[in-house]
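Structural characterization, general
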Amino acid sequence: MTDSMLSKAATMEIPMNRNGDTGTLPEDDSLEQVAKLQWSLDEKDLQQVMVSGPNLNETSIVSGGYGGTAEGIIPTASIKGPAVRYNAQFNRRIPVTGQGSSMQDSRSSSSMTAEESSRGVAVEKLDFMKQWGLNTYKCTKQMIAERFGRGSRTVDLELEAQIEVLRDTKRKYENVLRLARALTNHLYSMVQTQHALGDTFTDLSLKSPELRDEFGYNAETQKLLCKNGETLLGAINFFVSSINTLVNKTMEDTLMTIKMYEAARLEFDAYRADLEELSVGPRDVVNMARIDTAQEQYQIHKDKYERLRSDVTIKLNFLDENKVKVMHKQLLLFHNAISAYFAGNQQQLEQTLKQFNIKLRPPGADKPSWLEEP
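Numbers given for residues are sequential positions, taken from 1 along each chain in its written order. The model is predicted, so local features are restricted to residues of pLDDT at least 70 and side-chain atom pairs to those at 80 or more, both for listing and for counting; the totals for chains, interfaces and linings are taken over all residues. Side-chain measures here rest on the full set of heavy atoms in the structure, leaving out hydrogens and waters.

- Under an unreviewed UniProt entry, the chain has the name ADP-ribosylation factor interacting protein 2b and belongs to Salmo trutta.

**Structural notes on a nonpolar patch on the surface**
- Two joining distances apply to patches: 9 Å for like charges and 5 Å for nonpolar side chains (Val, Leu, Ile, Met, Phe, Trp, Tyr), and every residue must have over 30% relative accessible area and no salt bridge. Each accessible area is a Shrake-Rupley result for a 1.4 Å probe, and residues are judged covered by the shown protein chains and nothing else. Salt-bridge detection follows one rule: a side-chain nitrogen of Lys or Arg within 4 Å of a carboxyl oxygen of Asp or Glu. On the surface, F128, M129 and W132 cluster together into a nonpolar patch covering about 390 Å² of accessible area.
- Secondary structure elements are taken from DSSP: a helix is a run of H or I of four residues or more, a strand is a run of E of two residues or more, and numbering for both begins at the N terminus. Mapped onto the fold, W132 is located in helix 3 (residues 99-147).

**Here's the deal with the confidence of the model for the chain**
- What pLDDT expresses is the predictor's confidence in each residue, scored from 0 to 100. Taken over all residues, the pLDDT of the chain has a mean of 76, while the share at 70 or more is 67%.
- Predicted confidence in the chain is weakest over strand 1 (residues 60-62), with a mean pLDDT of 41, and strongest over helix 4 (residues 157-207), with 94.
- Between two residues, a contact is recorded if the distance between any of their heavy atoms is within 4.5 Å. Confidence over residues 1-28 falls short of pLDDT 50; this stretch has 24 contacts with residues more than four positions distant or in other chains.

**Some remarks on the packing of helix 6 (residues 285-343) against helix 7 (residues 346-355)**
- Axis lines are fitted to C-alpha atoms, over the contacting stretch for helices. Their N-to-C directions set the angle, which ranges from 0 to 180 degrees. Running from N to C, helix 6 and helix 7 point in directions that differ by 160 degrees, and their axes come no closer than 8 Å. In this view, helix 6 runs roughly antiparallel relative to helix 7, as classed from their interaxial angle. Seen from above, helix 6 lies across helix 7 with left-handed handedness. Seen from helix 6, the contacting residues are L332, L333, N336, A337, A340 and Y341; seen from helix 7, they are Q348, L349, T352 and Q355.
- A per-class count over the contact of helix 6 with helix 7 returns 6 nonpolar, 4 polar and no charged. In these notes the angle categories are as follows: under 35 degrees is roughly parallel, over 145 is roughly antiparallel, 65 to 115 is roughly perpendicular, and the rest is oblique. Left-handed describes a crossing in which the near helix is turned anticlockwise from the far one by less than a right angle; the clockwise case is right-handed. Polar here means any residue outside two lists: the nonpolar Ala, Val, Leu, Ile, Met, Phe, Trp, Tyr, Cys and Pro, and the charged Asp, Glu, Lys and Arg; Gly therefore counts as polar.

**A word on the packing of aromatic side chains**
- Here the aromatic set is Phe, Tyr and Trp, taking the six-membered ring for Trp, and pairing holds for ring centres within 6.5 Å; pairs whose planes are under 30 degrees apart are stacked, those over 60 apart are edge-to-face, and all others are tilted. Summed over all chains, the structure comprises 6 aromatic pairs.
- With 4.9 Å between their ring centres and 35 degrees between their planes, F239 and F334 make a pair best called tilted. Of this pair, F239 sits in helix 5 (residues 212-280) while F334 sits in helix 6, placing them 95 residues apart in sequence.
- On the basis of an interplanar angle of 5 degrees and a centroid distance of 5.2 Å, the ring pair of F268 and Y305 is categorised as stacked. With F268 in helix 5 and Y305 in helix 6, this residue pair connects regions lying 37 residues apart in the sequence. Each member of the pair, F268 as well as Y305, carries the same accessibility label: buried.
- An aromatic cluster is present here, built from Y261, F268, Y298 and Y305 joined pairwise through their rings. Exposure classes here rest on a 1.4 Å probe applied to the protein chains alone. A residue is buried below 20% of its type maximum, exposed above 50%, and partly exposed in between.

**Observations concerning the environment of Q355**
- With respect to the secondary-structure elements, Q355 resides in helix 7.
- The residues touching Q355, leaving out its near neighbours within four places in the chain, are L332 and N336.

**Focus on the packing of helix 5 against helix 7**
- With their axes 10 Å apart at the nearest point, helix 5 and helix 7 run at an angle of 25 degrees to one another. Here helix 7 runs roughly parallel to helix 5, going by the angle between their axes. Taken as a pair, helix 5 and helix 7 cross one another with a handedness that is left-handed. Taken together, the residues of helix 7 that come into contact with helix 5 (itself represented by L224, K227, N228, T231, L232 and A235) are Q346, L349, E350 and L353.
- For the contact of helix 5 with helix 7, a count of residues per class yields 5 nonpolar, 3 polar and 2 charged.

**So, the environment of F342**
- Assignment of secondary structure puts F342 in helix 6.
- Its relative accessible area of 65% is what places F342 among the exposed residues.
- In the structure, F342 is positioned 110 residues away from L232 in sequence and 10.0 Å away in space, judged by C-alpha atoms.

**A closer look at the nonpolar core**
- By nonpolar core we mean a set of buried residues, namely Ala, Val, Leu, Ile, Met, Phe, Trp, Tyr and Cys, connected to one another through side-chain atoms within 4.5 Å. Of all hydrophobic cores here, the largest spans 43 residues; its most connected members are I163, L166, L187, I258, Y261, V312 and L316.
- Sorting the residues of this core by element identifies helix 4, helix 5, helix 6 and helix 7 as the ones contributing at least two each.
- No other element matches the 18 residues that helix 5 contributes to this core.
- Among all residues touching L187, those that are not within four sequence positions of it are G229, L232, L233, I236 and Y341.

**Things to note about unusual backbone geometry**
- The residue N357 is not glycine, and still its phi comes out positive at about 55 degrees.
- Within the element layout of this structure, N357 appears in the segment after helix 7.
- With relative accessibility at 68%, the residue N357 sits in the exposed group.

Right under this line is the structure:
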């Protein structure tokens, strides 16, 4: 470095006279001028670095003395590796390390993790949609083939007959439920009319002295009929509630299981037809792999079909037993209540309600008390 600085001093500080001859300098003056030149060069380099700022892509490391050739310039854009800071005083490069690179690494790793998780969810949804579309296509194809008589279907004759009987029974019980509700509405209207008529007869018996007795016993008759009508309404309401539970809950639950069974039967036949179609084809490597996959799917849907068929059979048996018990009790209640009401036997009517543990709500029980009103 001393040689380079001396060459700079010898190049820049040689005085020239008017004739172009070199002059002579004393040794003390030359050494002092070399020191001043070195200090001024260091200050200029430092100011230039402070103004322009470090830029590793544009700066270069100069080897050799002042005014050297371009062969000594090494562009830093070609240097790969960690960032460095050049120290001109000690002529060395110092690696730059800190928390910036670690923070960038953590941010990039977290962004990559979120991207991978979102990509995994998208792939899972895509696989689900693909499987659903394939299953829908196979089932639709099988259903169309069955409609046009080109495909075969699995039939359990005994179970199909029981299912048809259940659907017909449900339709008939729904009609009974509709008629019973209509009877309840008509009976309620009649009871309200009898109650109003009894109040009118009572009022007229007080205002008509000449017809007091006639209006009086007619008023008592209407009040008695009104009381018996309310008792009959309680029995019929209990009958309607039990039939509604049997039809819209018990039977409906069994029919929902039957719908699942029919869907499983359609899927089973679709994959069975697919397996039969592949078995007829050539026995090459690709077709054998497809046959193995189809065999697995066929076995899965076969197990599902057999499980649901067993569930339907069990529920149908339970439904038959429950239906007989419920209808035996409700039909006996309906018969005794209607007979006692139209026979005018108030004691038998009340005994019928006690027999079936039916409690009548007092009139106005549905209305809130004055304390509960807003």
